[in-house]
Amino acid sequence: MVLSKYFLLLATSVVPSWAALYTSPSQLPKTTFDYVVIGGGVGGAVVANRLTEKSSVNVLVLEAGVSNEGVTASIIPLLGPSLVPNTIYDFNYSTVAIDGYAGRTLPYARGRMLGGSSSVNYMVFTRGSKDDFDRYASYSGDSGWSWNSMQKFIARHESFVAPADNHNTSGEYDPSAHGTSGILQVSLPGYGTVIDQRVLDTTVELADEFPFNTDPNDGSVLGVAWSQSTVGTGAVRSSAATSYLGPNYINRPNLHVLIGATATKLVQTGTKSGLPSFHCVNYKTSSTSSKTYTVNATKEIVLSAGSINTPMLLMLSGIGDKADLSTLGIKTIVNNPSVGKNLSDHPLLASVYSVQGSDSFDGVFRGNNLVSAMGEWSANKSGPLVDGVANHLGFLRLPDNSSIFDNMADPAAGPNAAHIEFLVSNLWVQPGVPAPDTGSFMTLTTTVISPTSRGWLKLADTDPFGKPLINPNFLSTEWDAFALRESVKTIQRFTAASPWEDYVIGPYGEFASATDDASIDTYMRNNAATFFHPISTAMMSPKSASWGVVDPNLKVKKVEGLRVVDGSVLPFLPNGHTQEPIYLFAERGADLIKADNAVFSR
């Protein structure tokens, strides 16, 4: 009871109220806008911000979720893992039974809050490899997506700030790889842990396998580095809501943001140049309400609802696989079997070690310790709560002579791209799995950063508020299973180095039995989860390609008036966590929209 009262007090005191945020359709000044943006996450926030830089351009953002204002766990960095899954801040989706995961189903969290998943994620800031963006350019046939072409968006997008403790960050990152005057704040860890020096010492002792990398965000990801996170000045989360839709922007008279508004259908308004034209959106404020509201876009509707909700809305509107739509009685306007297909995601395997002493952060969340830690954060913006879950991460390639390459080509984006990633956390970190009541832990979380498995999502029914069928199809390829297995062996070698001798007691739980290929395979299929990085469900393809959902300009194929700007358009997963590449895609997406409207050149 004391804790809940403290949360309430803090929630009402750390964030100012933003006046220009609508909570009811009756507050909207009109129903026709130049642009209607569906979704107030990363893609939608960036687009809305950039388009309303022109004062004569009016934009409406329809956000299905709640406001981020005053949500304590979305403000204090280390409380982030409590936001999802299965909360009011989550769409509370789940997967179907996943064959590669021993038939298990998983929660599939998506942020249901202004800022989207940037308001509920673990805040890891990784740009990806130079090879990733060059592959996007090569695959799409548009050189504008290349690493070099995308550099111009970094300076105007990012604001690298000092960490919470203002320590000397020399040698912990490369300033030349970052912007300092952009909108989204990014920083290095601001609270040291007992394992930091052990990680660095391991990069010296095992330098051949685990070399130190000063900054993986310079396009060269390989090695072990200090993590960078979307934590801003004052030790608070920097999300799409607090940055691109922050007070400096949301009060623009030409920017209108309505929360609690779920788009239910894109309505065809005619034809243009022989293509179905869409300039109308139906939306509701509640699943139980019979009232449907309508808004119109004179220029474009921009879908930024995310990798699950964007393809859902397309299908509900008659754009998708005709066979699937017909089964549900939905009239097909555009038969595009690529909608909802090609889902790609990073598998997550959190391997926990029992460790000596009481210096892990596990104790922070026990008894009244969290109240004390929150008090320190509130008073001084210091202490263990100022950072995300990992002070270090690493991107590694498997050896060139690995047996898997006898039978297949390297699936990575290029020679400087990684195969696996690991993060080192000074506490128990298993999404959705509560920590034990006692004990001290360290978690090494691994993933296949260049997976080849592809899944899908489909409508389960015609209810816009319903739950889709989602199958990430994890570990469905030989490569993914091999690489995740090798990631377990990798962290076992990492923690066997001498810096860990006086700290690590041993692997915890089922991880302790993962001692050979067969037992590792069983362990990972029984325990792996997801990084919640879905992409490609409305993927970009060459303009002339018969497959794909959007062209390189992010326009929906075979229609007029629709564009997609969110993670669903990425054709391949990046070498890293997806939020930063999506920010960059959205920055260019906004430029592409502007290029089609002469008013922006006046």
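Coordinates for the structure precede this section.
Residues numbered from 1 in each chain as written. Predicted model: local features only at pLDDT ≥ 70, side-chain atom pairs only at ≥ 80, totals over all residues. Heavy atoms only, no water.

**Focus on the overall build of the chain**
So, step 1. From N to C terminus, the chain includes 12 helices and 25 strands.
So, step 2. Counting only C-alpha atoms, the chain reaches 70 × 60 × 45 Å along its principal axes.
So, step 3. Here the contacts in the chain between residues at least 6 apart in sequence split such that 74% fall between residues at least 24 apart.
So, step 4. When the accessible surface of the chain is totalled, it reaches about 21,400 Å², and 50% of it is carbon and sulfur.
So, step 5. Across the chain, the mean location of the 41 positive side-chain charges is 14 Å away from that of the 52 negative side-chain charges. (Helix = DSSP H or I, 4+ residues; strand = E, 2+ residues; numbered from the N terminus. Contact = heavy atoms within 4.5 Å. Areas by Shrake-Rupley, 256 points an atom, 1.4 Å probe, with all protein chains shown as cover. Lys, Arg positive; Asp, Glu negative; His and termini not counted. Charge placed at Lys NZ, Arg CZ, Asp CG, Glu CD.)

**As for the pairing of strand β11 (residues 262-272)**
So, step 1. Two elements, β11 and strand β12 (residues 275-284), share 9 bridges in a ladder whose sense is antiparallel. Across the sheet, residue L266 finds its bridge partner in β12, namely V281.
So, step 2. Here β11 hands over to β12 after 2 residues, with S273 in that stretch at a positive phi of 55 degrees. (Pairing = 2+ DSSP bridges.)

**Re the sheet that holds strand β16 (residues 341-343)**
So, step 1. Strand order in this open sheet of 3 strands is β16-β21-β22, and the pairing throughout is antiparallel. Edge positions in the sheet fall to β16 and β22 (469-471), since each of these pairs with one other strand and no more. This sheet shows a mean twist of 30 degrees between the axes of neighbouring strands, independent of strand direction.
So, step 2. Where β16 meets strand β21 (residues 455-458), 2 bridges bridge the pair, whose relative direction is antiparallel. The residue of β21 that forms the bridge with K341 is W456.
So, step 3. In the packing of helix α7 (residues 306-316) onto the sheet, contacts are made with β16, β21 and β22, and the angle to β21 comes to roughly 50 degrees. (Axes fitted to C-alpha atoms, helices over the stretch in contact; angles between N-to-C directions.)

**Points about the packing of aromatic side chains**
So, step 1. Under the criterion given, the structure shown has 22 aromatic pairs.
So, step 2. Residues Y136 and F585 carry aromatic rings whose centres are separated by 5.3 Å and whose planes lie at 85 degrees to one another, so their mutual orientation is edge-to-face. One end of the pair, Y136, is in helix α3 (residues 130-140); the other, F585, is in helix α12 (residues 579-595), with 449 residues separating them in the sequence. Side by side, Y136 and F585 carry an identical accessibility label, which is buried.
So, step 3. One aromatic cluster in this structure is built from F133, Y136, W145, W147 and F585.
So, step 4. Directly above the ring of W377 sits K381, whose terminal nitrogen or CZ lies 4.3 Å from the centroid.
So, step 5. Lying over the aromatic face of W145, R588 brings its terminal NZ or CZ to 4.5 Å of the ring centre. (Phe/Tyr/Trp six-rings, centres within 6.5 Å; stacked < 30°, edge-to-face > 60°. Buried < 20%, exposed > 50% of the residue type's maximum accessible area, 1.4 Å probe, protein only. Lys NZ or Arg CZ within 6 Å of the ring centre and 35° of its normal.)

**Details of the nonpolar core**
So, step 1. Counting 100 residues, the largest nonpolar core has V59, L62, W145, L266, V281 and L562 as its most contacted members.
So, step 2. The element best represented in this core is α12, accounting for 7 residues.
So, step 3. Those residues in contact with W145 that sit more than four places away from it in its chain are F133, Y136, A137, S140, M150, M540, P552, L554, F585, R588 and L592.
So, step 4. By size, the runner-up hydrophobic cluster in this structure holds 40 residues, among which are L398, A483, V504 and F511. (Core = buried A, V, L, I, M, F, W, Y, C linked by side-chain atoms within 4.5 Å.)

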